[in-house]
Amino acid sequence: MMACLPMNDKAVDITQSTETADAPKTKVYRSMIGNGRISPATRQRVLDYVKKHDCTLDVPACGAGNHCSYNISLVISKQFSDFEMPFLRKIMRSVYYVAGEYDYDVLLTLVDENETRPVERLLGNRKIDGLILTRTLERDPLIPLLKARKLPFVAIGQPEDDEILSVDHDQVGGCREMTSLLLMKGMKHIALLGGSMLYTVNQSRLEGFRQAYDKMGQVIDEGLLFLELETDDLRMWAVQQAVERGADCILCMDERLAQLSLNVLKQLNLRVPQDIRLASLYDSENLANAVPPITAVQFNADILGLKATQQLLCALQGEKVETRIELGYQVSLRESTQI
């Protein structure tokens, strides 16, 4: 980082220095080391300030060495790579916005659940200074790789290692509250539909579901738990099975499952909420505008992306950051669960 020594020889904080130079920190670094996309006017302004105030430069760590690419990677699972998904779209928008404010570029990296090669290639070619994982897996193979390479990274979710920088919503609390509300509304047979349990977000949602039953002193019908639903065929089968097994409510772990469930129920000539209730543990504009609108837990993906990027950029600049950040939620009761 840059330190300026005024006449009293007291080092000036880097934030004060860069503000006085009227340039973001990354532009100060780039101007002084002659690297990156810096306009001649900005570079000259910074250099004039540095000369006037007798500043020196400590190059930030930028991961495992002093080479700075001014790129960060946003890692997306191939299983969730549809950019039309509201969750990913909002996270991407926030990441790009915050990174751009710090003069960083964002590289999208698609990986399979147990794949590390795309990230290894970025590291080997020194393409990135840091990384954001948009999903957290149980025994995620990327985490030991990143730790071994000493690359700053942030996980969106709840990694098993408490020392890893992470940000997530209170998934357990939100899902516990939703399930408790459904039980208090008199629903006795709730079918829970979810995807792969390798994803810690699904584990957290299942945990919230179980905690609600314990809190209400009720017993889960294990025959109405439909997990590991990784294809549309399996998802449609699960909805049909839930109906046949007497479910009075279908609770979906994500908005895609909820939308598909609504379509299948219509094909079965079942009315929501008159014949069966429907709710989701993740909200989206599609669910709010569905007919009927579907009750859901709201998590702010924009804030999630913003916090994760701020966390990473602070780590890259050597600043102290909170290890785990947990965000809140809101339950939106809509027509699909009304009695």
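Scroll up to find the structure this text is about.
Computed from a prediction, not measured in an experiment: that's the story for all the values here.

Scoring rules and cut-offs
- Residues numbered from 1 in each chain as written.
- Predicted model: local features only at pLDDT ≥ 70, side-chain atom pairs only at ≥ 80, totals over all residues.
- Heavy atoms only, no water.
- Pairing = 2+ DSSP bridges.
- Helix = DSSP H or I, 4+ residues; strand = E, 2+ residues; numbered from the N terminus.
- Core = buried A, V, L, I, M, F, W, Y, C linked by side-chain atoms within 4.5 Å.
- Buried < 20%, exposed > 50% of the residue type's maximum accessible area, 1.4 Å probe, protein only.
- Contact = heavy atoms within 4.5 Å.
- Phe/Tyr/Trp six-rings, centres within 6.5 Å; stacked < 30°, edge-to-face > 60°.
- Expected span 1.5 Å × (residues − 1).
- Polar contact = N/O pair within 3.5 Å; in protein donor to acceptor, adjacent residues only side chain to side chain.

Visitor: I'd like to hear about the sheet that holds strand 14 (residues 330-332), residue by residue, with values.
Guide: The strand order 9-8-10-11-12-14 describes an open sheet built from six strands, whose pairing is mixed. Looking at which strands have only one partner, the edges of the open sheet turn out to be strand 9 (225-226) and strand 14. In this sheet, strand 14 lies alongside strand 12 (residues 295-298) in antiparallel orientation, the contact comprising three bridges. By the bridge assignment for strand 14, Ala296 is matched with Ser332.

Visitor: Summarise the nonpolar core; cite the residues concerned and give the values.
Guide: If you look at the biggest cluster of nonpolar residues, it comprises 48 residues, and the most contacted ones within it are Ile72, Ile190 and Leu251. If sequence neighbours within four positions are ignored, Ile72 has contacts with Val95, Ala99, Tyr104, Asp105, Val106, Leu107, Ile128, Gly130, Ile132, Thr309, Leu312 and Leu316. Ranked by size, the runner-up nonpolar core spans 24 residues in total, among them Leu257, Ile276, Leu287 and Ala290.

Visitor: Could you give an account of the packing of aromatic side chains, naming the residues involved and the relevant values?
Guide: Under the criterion given, the structure shown has six aromatic pairs. Taking 5.5 Å as the distance between ring centres and 55° as the angle between the ring planes, the aromatic pair formed by Tyr70 and Tyr104 counts as tilted. Note that Tyr70 is positioned in the loop between strand 2 (55-57) and strand 3 (71-77) and Tyr104 in the loop between helix 4 (86-101) and strand 4 (105-111), a separation of 34 residues in sequence. Here Tyr70 matches Tyr104 in class, with each residue buried. Measuring from centroid to centroid gives 6.2 Å for Tyr282 and Phe299, while their planes differ by 20°, and the two rings are stacked. With a gap of 17 residues between them, Tyr282 in the loop between strand 11 (277-280) and helix 11 (285-288) and Phe299 in the loop between strand 12 and helix 12 (301-316) connect regions that are remote in the sequence. Residue Tyr282 is classed as buried on the basis of its relative accessible area, which comes to 5%. Grouped by ring-pair contacts, the aromatic residues Phe87, Tyr282, Phe299 and Tyr329 constitute a single cluster.

Visitor: Describe in detail helix 10 (residues 255-267), supporting the description with residues and values.
Guide: Helix length check: helix 10 (13 residues) gives 19 Å between terminal C-alpha atoms against 18 Å at 1.5 Å per residue, within 8%. All of the buried residues along helix 10 are Glu255, Leu257, Ala258, Leu260, Ser261, Leu262, Val264 and Leu265. Where the residues of helix 10 are buried, they touch helix 4, strand 8 (190-193), helix 9 (232-244), strand 10 (249-252), strand 11 and helix 11. Between the side-chain oxygen at the start of helix 10 and the backbone nitrogen of Arg256 there is a gap of 3.0 Å, and the oxygen is on Asp254. Backbone geometry just downstream of helix 10 places Asn269 in the positive-phi region, at approximately 60°.

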